[in-house]
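A closer look at the structure
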Amino acid sequence: MSVADLSGKIPNNVDLKSDRRLLRALESWQPKFIDWWMEMGPEGFQADDVYLRTAISVDRAGWAHFGHVRMPEYRWGIFLADPVPDRKIPFGDFAGQPAWQTVPGEYRNMLRRIIVTQADTEPASVEQQRLLGQTAPSLYDMRNLFQVNVEEGRHLWAMVYLLQTYFGRDGREEAEDLLHRRSGNADKPRILTTFNDPCEDWLSFFMFTTFTDRDGKFQLQALAQSGFDPLSRTCRFMLTEEAHHMFVGETGVQRVVQRTCEVMSEVGSDAADVRRAGAVDLATIQKYLNQWFSSSVDLFGGERSSNAATFFATGLKGRFMEEERYTDHVCLEGTYELPIVQGDRLSVEQVPLRNAMNEVLRDDYVDDCENTVRRWNLVLQNHGREERLYLPHRRFNRRVGEYAIGEFGETRFDPQGNLISEHEWTRRRDEWLPTAADLAFVKGLMHPVVEPGKIAAWIAPPKKGINDQPFEFEYVRHPAA
Ligand SMILES: [Fe+2]
Ligand SMILES: [Fe+2]
């Protein structure tokens, strides 16, 4: 078991003390990170005491500590899962050879790009969520938002550690750039489109943490397989924290649906009546779901991808549960049946398996999302309602890959995955995706509730609090306005 050193400026279990150069590089990046946090982190709450979980080791039984802390004083640390003795590269052309402890020279640029792309999403989401604290429906929710935010900050630290340790000057430059790009900024946007989309209300936040953080789970799972061992170990520990982010999203939406059901049992299911009673109508919840799911599905990249094939061949990025679920770890044989657009219809093409690795990972992601929606539907079922939420088809509303809207807007799919005309799309778009009026309505519900134990009218309270604390606990000590 690795030993955590919590005494220095940067808590870690990687023996930073013994590497002076690295320690200096990280310590000089630290104040720049704090500057970024003050500028782009949660606005209006930096002086408050927040009941946060802090990683202090990778010991399964007690890896985190809970306590009130001001966010700028959060102890962002570097923790890698313990090494697996004699670990071998689990897949690809080098399957069975010893895992790499240093960067394999020929794959250096590719590996750097993989790490930077993952790293960039971490600060991006903090930027997307920076104003949400101001409209939190309860102190419990506000705390959960900030928990997600500080942990995305730690994930950035995790990736910057890899860049600074293994990529020399290039890595240091990338670490700086990660603090300079800005979500939604036209001149210096974040790398992936979803991470530039605005996330301005709490229904969006809950959908984001359900669907976009879940993309994070699957990307981290694929990288946890990596033959580059430090990346694998880093991602394995990040997954421990990621689980809470998806919990926040899934239970968040669940509580919104719960409240909507309660209101419908009083006023009926007419959307206008539900809205008048201060809850979110089911059609609007479905549109938000459609929006964030389709956007997150894009994050897996193109269905046919030579990059994906190379990442797999070189042992850098594997499949979800590569070792546990598959027997063929080389994948030079076999194909993936991919429906592709040909004129006005879909026809199945056999894609060499390695080139379909993005799609293979997306399959597992979609299954996981289906399970989540099923759990949301239990709320409706338990209230004796007939209505159900559904996951739109993965082809719906795409901006990346085979099914992305074409240059002339000709490729469109309905939520069931059927190819439809541009005319049909235009006619029905507002049934499927949030309109300006929907967004304005949801935004209009977003009034802050900062009294302990109180909650906004559009969402039900959680079944239990955090770390065995009651819901009424003062999760954030925020001076009343
Ligand atoms: Fe993250
Ligand atoms: Fe996350």
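Quick look at the structure, then. Think of each chain on its own: its residues are numbered from 1, step by step along the sequence as written. For naming, the first written chain is A and the first written ligand is 1, with later ones following in the order written. It should be noted that, the model being predicted, local features are given only for residues of pLDDT at least 70 and side-chain atom pairs only at 80 or more, the latter also being counted only at that level, while totals for whole chains, interfaces and linings use all residues.

Counting from the N terminus, the helices are the DSSP runs of H or I reaching at least four residues and the strands are the DSSP runs of E reaching at least two. Of the regular secondary structure elements, the chain holds 13 helices and seven strands. All radius of gyration figures rest on C-alpha atoms, and the globule criterion is 2.2 Å times the number of residues raised to 0.38. A globule of 481 residues ought to have a C-alpha radius of gyration of about 23 Å, and the chain, at 23 Å, matches this closely. Dimensions of the chain along its principal axes, counting C-alpha atoms only, are 65 × 60 × 40 Å. To sort residues by burial, count the other C-beta atoms lying within 10 Å of each one's C-beta; a count of 20 or more means buried, 12 or fewer means exposed, and anything in between means partly exposed. C-beta atoms are built from the backbone. Relative to its 481 residues, the chain shows a buried fraction of 46%. Contact between two residues is assigned when their C-beta atoms, built from the backbone, lie within 7 Å. Long-range contacts, defined as pairs at least 24 residues apart, comprise 68% of the intrachain contacts of the chain with a sequence gap of at least 6.

The next subject is the sheet that holds strand S2 (residues 64-70). For two strands to pair, DSSP has to find at least two bridges joining them. Strand order in this open sheet of three strands is S2-S1-S7, and the pairing throughout is antiparallel. Edge positions in the sheet fall to S2 and strand S7 (476-477), since each of these pairs with one other strand and no more. Relative to S2, strand S1 (residues 49-55) is paired through seven bridges, and the arrangement is antiparallel. Each residue of the ladder has a partner; that of Asp49, found in S2, is Arg70.

The next subject is the nonpolar core. Nonpolar cores are identified as sets of buried Ala, Val, Leu, Ile, Met, Phe, Trp, Tyr and Cys residues joined via C-beta atoms within 7 Å. Ile115, Phe146, Met159, Val160, Leu203, Met207 and Val256 are the most contacted members of the largest nonpolar core, which has 110 residues in total. Discounting chain neighbours no more than four positions away, the residues touching Val160 are Trp29, Ala119, Ala175 and Leu178.

Attention shifts here to the pairing of strand S4 (residues 345-352). For S4, the buried fraction is low: zero of the eight residues fall into the buried class. Connecting the antiparallel pair strand S3 (residues 335-342) and S4 is a turn made up of two residues, with Gly343 showing a positive phi of about 60 degrees.

Here the focus is the packing of helix H1 (residues 20-40) against helix H3 (residues 139-166). In a packed pair of helices, the relevant descriptors are the angle between the two axes and the axis-to-axis distance. Fitting a line to C-alpha atoms yields each axis, with helices limited to the stretch in contact; the angle taken between N-to-C directions then spans 0 to 180 degrees. Across the interface, H1 lies against H3 with an axial gap of 11 Å and an inter-helix angle of 145 degrees. In terms of crossing hand, the pair formed by H1 and H3 is right-handed. Along the contact surface, H1 presents Leu22, Ala25, Leu26, Trp29 and Trp37, while H3 presents Gly153, Val160, Gln164 and Thr165. Classification used: nonpolar for Ala, Val, Leu, Ile, Met, Phe, Trp, Tyr, Cys and Pro, charged for Asp, Glu, Lys and Arg, polar for all others including Gly. Broken down by class, the residue content of the contact of H1 with H3 amounts to six nonpolar, three polar and no charged. Two helices that cross are described as forming a left-handed crossing if the nearer one is turned anticlockwise from the farther one by less than a right angle, and a right-handed crossing if clockwise.

Quick look at the environment of Glu337 now. With respect to the helices and strands, the residue Glu337 is situated in strand S3. Overall, the presence of 10 C-beta atoms within 10 Å leaves Glu337 in the exposed class. As a C-alpha pair, Glu337 and Val348 span 11 residues in sequence and 6.0 Å in three-dimensional space. Non-local contacts of Glu337, meaning those with residues more than four positions away in its chain, are made with Val348 and Gln350.

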